[in-house]
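If you want the building blocks of each chain, they are given just below.
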Amino acid sequence: MNLHEYQGKEMLSSFGVRIQRGIVAQNAQEAVAAAKKLTEDTGTGWHVIKAQVHAGGRGKGGGVKIAKSLEEVERIAGEIIGMDLVTPQTSAEGKRVHQVLVAEDVYYPGDNEPEEYYMSVLLNRATGRNMIMYSTEGGMDIETVAEETPHLIFTEEIDPSVGMMPFQARRIAFNLGLSGAAFKEMTKFATALYTAYDKSDASLFEINPVLKTSDDKIMAVDAKVTMDENALYRHKDYVALRDLREENPIEVEAQEAGLNYVDLDGNVGCMVNGAGLAMATMDLIKQAGGEPANFLDVGGTADAARVEMAFELILRDPNVKAILINIFGGIVRCDRVAQGVIDAYKNMGNIDVPIIVRLQGTNADIAKELIDNSGLAVMSATEFQEAADKVHEVLS
Ligand code: GDP
Ligand code: MN
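First things first, this report covers the structure right here in the doc. (Residues numbered from 1 in each chain as written. Chains lettered and ligands numbered in written order. Predicted model: local features only at pLDDT ≥ 70, side-chain atom pairs only at ≥ 80, totals over all residues. Heavy atoms only, no water.)

**Things to note about the overall build of the protein chain**
Scanning the protein chain from N- to C-terminus turns up 12 helices and 18 strands. Projected onto its principal axes, the C-alpha coordinates of the protein chain cover approximately 85 × 50 × 40 Å. Going through the 396 residues of the protein chain one by one, you find that 47% of them count as buried. Nonlocal contacts in the protein chain, meaning residues at least 24 apart in sequence, comprise 67% of its contacts between residues at least 6 apart. When the accessible area of the protein chain is evaluated, it comes to approximately 18,600 Å², of which 51% is carbon and sulfur surface. Of the side-chain charges in the protein chain, 37 are positive and 60 negative, and the distance between the mean point of each set is 5 Å. (Helix = DSSP H or I, 4+ residues; strand = E, 2+ residues; numbered from the N terminus. Buried < 20%, exposed > 50% of the residue type's maximum accessible area, 1.4 Å probe, protein only. Contact = heavy atoms within 4.5 Å. Areas by Shrake-Rupley, 256 points an atom, 1.4 Å probe, with all protein chains shown as cover. Lys, Arg positive; Asp, Glu negative; His and termini not counted. Charge placed at Lys NZ, Arg CZ, Asp CG, Glu CD.)

See below:
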């Protein structure tokens, strides 16, 4: 589950991480009120208006703008809210902006130039430890830094049972070239950031940029936070942070129906029981010259209602040219699945793409007979390769 920048920053702040302060606004009037309040609280003259969508690279897409007066706050907020923001991380249609974060300007002039760093905390699956990744090259794509100047990316591995040690925080500040007050601030920042990641059961906290202000304060200007959904039961209050408007509507609906569905770009819809078999089926489709349109695990109970729901979700994707159903009947009997497929097909009445069904396991022979005698445009297959050949046939 991803969070908005403003939610991530609030979470960081609650763990003692210094942040660029801001107030979220749903419309231009609220943005003006937010700007006034921020000026009262922080003394800021200028404000930054930041689109709140689940995508990075907003600055490049025109979703982050400076406002130098309340009139500009009103105008810019009005322009950004309601726009379809296109960034390097969105599709070509972009993402609709429903709200903006009005934030204090923290790039004010002073004794030193403001400087931007990069810092993230995530799990290193290879070592089973947490990892702080950081770089002097903040504010830009970390992928580009990794490609062009990998020696400017540092990592600090943290044993989760011990936590971050003070010497590690000092090493981070040192590697970032800091001294004096900024050095101390950075050790506090990194330590609190790690605590936030650890205590909230996040799978990612990415702060890009971390800013050193002209008066040597260290703060989070941006926040990309991903929560581990498997740990949400321990954080009931985080559930409300989910913004369904940011998620794929078909995936949300599938989730509500208890189906495990991931939308993909291909042309062959698949309906499978079991995640492993689903992965193998996607490979099979590729081998047959197609591309999977989705990952769909219908789970153990592939009854008519679920099959119909799955059909309906798959068919909402206009790119689907064929559907491959690959079900292993272990607990669920194949003949019941076959009957479910036939019933769903008849009920829906508008299916105009070829369907290939491979049923294996308990009562597979009865299932094949049911399909073959149904009089519907459904092809049955028993072997894996046979299913692949039929997919190939209907695509060519
Ligand atoms: P992203 O483009 O989606 O990663 O959004 P960010 O929150 O990282 O903001 C993009 C850029 O806006 C930052 O890299 C900064 O250069 C700029 N920015 C953010 N806050 C301020 C601010 O308070 N003042 C100024 N002048 N620029 C800011
Ligand atoms: Mn950023």
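**Focus on the coordination of the manganese ion (ligand 2)**
Ideal values differ by geometry: the angle at a metal is 109.5 degrees with four tetrahedral donors, but 90 or 180 degrees with six octahedral donors. Asn 208 (O) and Asp 222 (OD) make up the full set of protein donors to the manganese ion (ligand 2), lying at 2.2 Å. Of the two residues, Asn 208 sits in strand β10 (residues 202-212) while Asp 222 sits in the loop between β11 (218-220) and β12 (224-227), which places them 14 residues apart along the sequence. Taking relative accessible area as the criterion, Asn 208 reaches 17% and is therefore assigned buried. (Donors = N, O, S within 2.8 Å, 3.2 Å for Na, K, Ca; no water.)

**Describing the environment of Glu 246**
Within the secondary structure, Glu 246 is located in the loop between β12 and α7 (249-256). Classification of Glu 246 by relative accessible area gives buried; the value is 9%. Each C-alpha atom, one on Glu 246 and one on Tyr 117, is 28 Å from the other, the two residues being 129 residues apart in sequence.

**Structural notes on the site of ligand 1**
The immediate surroundings of ligand 1 are formed by 18 residues, with Lys 50, Arg 58, Gly 59, Asp 105 and Val 106 found nearest. One of the side-chain nitrogen or oxygen atoms of Gln 20 is found 3.0 Å away from an oxygen atom of ligand 1. One nitrogen or oxygen atom from the main chain of Asn 208 is found 3.2 Å from an oxygen atom belonging to ligand 1. Protein coverage of the free-state accessible area of ligand 1, which is 570 Å², stands at 79%. Elements represented by at least two residues in the shell around ligand 1 include exactly β2 (47-51), β3 (64-67) and β10. Per-class residue counts for the shell around ligand 1 are 7 nonpolar, 5 polar and 6 charged. Shared between two domains, the shell around ligand 1 takes at least three residues from each, and those domains are domain 1 (1-19 + 107-245) and domain 2 (21-105). (Near = heavy atom within 4 Å. Polar contact = N/O pair within 3.5 Å; in protein donor to acceptor, adjacent residues only side chain to side chain. Nonpolar A, V, L, I, M, F, W, Y, C, P; charged D, E, K, R; others polar. Domains from an automatic or database assignment.)

**Brief notes about the nonpolar core**
If you look at the biggest cluster of nonpolar residues, it comprises 39 residues, and the most contacted ones within it are Leu 12, Met 119, Ile 132, Met 186, Phe 189 and Phe 205. Secondary-structure elements contributing two or more residues to this core are α1 (5-14), β7 (115-124), β8 (129-135), α5 (166-175), α6 (180-199), β10, β11 and β12. When residues of this core are assigned to their parent elements, the largest contribution, 9 residues, is made by α6. Beyond its immediate sequence surroundings of up to four residues, Leu 12 is in contact with Val 17, Ile 19, Leu 193, Ala 196, Phe 205, Ile 207, Ala 220 and Ala 223. By size, the runner-up hydrophobic cluster in this structure holds 34 residues, among which are Tyr 261, Val 298, Val 337 and Val 357. (Core = buried A, V, L, I, M, F, W, Y, C linked by side-chain atoms within 4.5 Å.)

**Structural notes on the pairing of β2**
Extensive coverage of β2 is indicated by the burial of 5 of its 5 residues. By the alternation rule, side chains of β2 split into His 47, Ile 49 and Ala 51 and Val 48 and Lys 50, which are all buried. By the bridge criterion, 4 bridges tie β2 to β3 in an arrangement that is antiparallel. Bridged to Lys 50 within β3 is Val 64. (Pairing = 2+ DSSP bridges.)

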